[in-house]
Amino acid sequence: MTKILYQRKPLSKWKGYFVDTNGNVFSYRKSYDKLSGFLYPLKQEKLHSGYKRVKLHQNNYYKKILIHRLVLETFIEECPKDMECRHLNGIRDDNRLENLQWGTKRENQLDRYTHNTMNPLKGSKHGMSKLNDFQVKRIRLLKEIIPAITQKRLSKMFNIDRTMIGNILKRKNWKHI
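Summary of the structure given here. Note that this is a predicted model, so its numbers are computed, not measured.

## As for empty space enclosed by the protein
And step 1. All chains considered together, the criterion is met by one cavity of 30 Å³ or more.
And step 2. Counted by class, the lining of the largest cavity contains two nonpolar, five polar and four charged residues.

Written as C-alpha cells, this is what we have:
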C-alpha cells in the first residue's frame, strides 16, 4: 500500500460535510457569532458486518452512508458501473484511502478468501442464531442415542423449526461442529 498524505475534502453531494483520507467524517457547524465555524467529527456506527457508517442530514432528509464509499467517491471517483469497494488489508473498519480501492465483485471475493474474512459469522456468533454449539451437539447426540426420536419432537424441545433440525442432523447447517 502506498502512503497517502493527509487531506480533507468536502462531500460533493452533501453540503456542509467533509471527509478525510483517514476515513473520518466531519460536519461544519457555525459558531454562535454566525461568522465563523468549526468542523465537528461525526459519530461512526459500526455494523454487525464490521463496516462503519455515518448519518448525514440535508433539507429535513437524512441517509446512513457507508464511510468507505464516501472516502472513495470523494478522493477517487464515483463508483464505476459493476464495481464495489475493496478493503485491501481485509479489515472492514479500516477506511483509510490507502486501504480502499474500487474493484469487481470477483476481486472483492478473492480478497475475502485471501484475508480469510469469508463468512466470518458462523454458528452462535451469527446474530440470527437461536442455538449455541452445546445445543447443536446435544441434538445430534440425542438422535444418536435415541434413534426413534422424531425431528418434530426435537424441534419442540429446542424451540426451532423442524427443517432446521433436519439440516443440523444432515450437517447442512452447523457444519463446523
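## Observations concerning the environment of Gly 23
And step 1. Locating Gly 23 in the fold gives a position in the loop between strand 2 (17-20) and strand 3 (25-30).
And step 2. Residue Gly 23 is classed as buried on the basis of its relative accessible area, which comes to 3%.
And step 3. Separated by 71 residues in the primary sequence, Gly 23 and Asp 94 have C-alpha atoms spaced 7.7 Å apart.
And step 4. Leave out the neighbours within four places in its chain, and Gly 23 touches Gln 44, Ile 67, Val 71 and Asn 95.

## What to know about the pairing of strand 6 (residues 52-58)
And step 1. Taken together, the two bridges between strand 5 (residues 45-46) and strand 6 define a ladder with antiparallel strand orientation. Bridging from a neighbouring strand, Lys 46 pairs with Lys 52 of strand 6.
And step 2. Following strand 5, the chain reverses through five residues before pairing antiparallel with strand 6; Gly 50 in that reversal takes a positive phi of roughly 105°.
And step 3. Inspection of the sheet shows strand 6 paired to strand 7 (residues 61-66) by six bridges, in the antiparallel sense. When the sheet's bridge partners are listed, His 57 is paired in strand 7 with Tyr 62.
And step 4. Between strand 6 and strand 7, which pair antiparallel one after the other, the connecting turn spans two residues, and Asn 59 there sits at a positive phi close to 50°.

Rules used in this analysis
- Residues numbered from 1 in each chain as written.
- Predicted model: local features only at pLDDT ≥ 70, side-chain atom pairs only at ≥ 80, totals over all residues.
- Heavy atoms only, no water.
- 1 Å grid on protein atoms, 1.4 Å probe; cavity = no way out; pocket = protein on both sides within 12 Å on 5 of 7 lines; lining within 4 Å.
- Points joined across faces, edges and corners; volume = space filled by probe spheres on them.
- Nonpolar A, V, L, I, M, F, W, Y, C, P; charged D, E, K, R; others polar.
- Helix = DSSP H or I, 4+ residues; strand = E, 2+ residues; numbered from the N terminus.
- Buried < 20%, exposed > 50% of the residue type's maximum accessible area, 1.4 Å probe, protein only.
- Contact = heavy atoms within 4.5 Å.
- Pairing = 2+ DSSP bridges.

Scope: geometric values only; no functional claims are made or implied.
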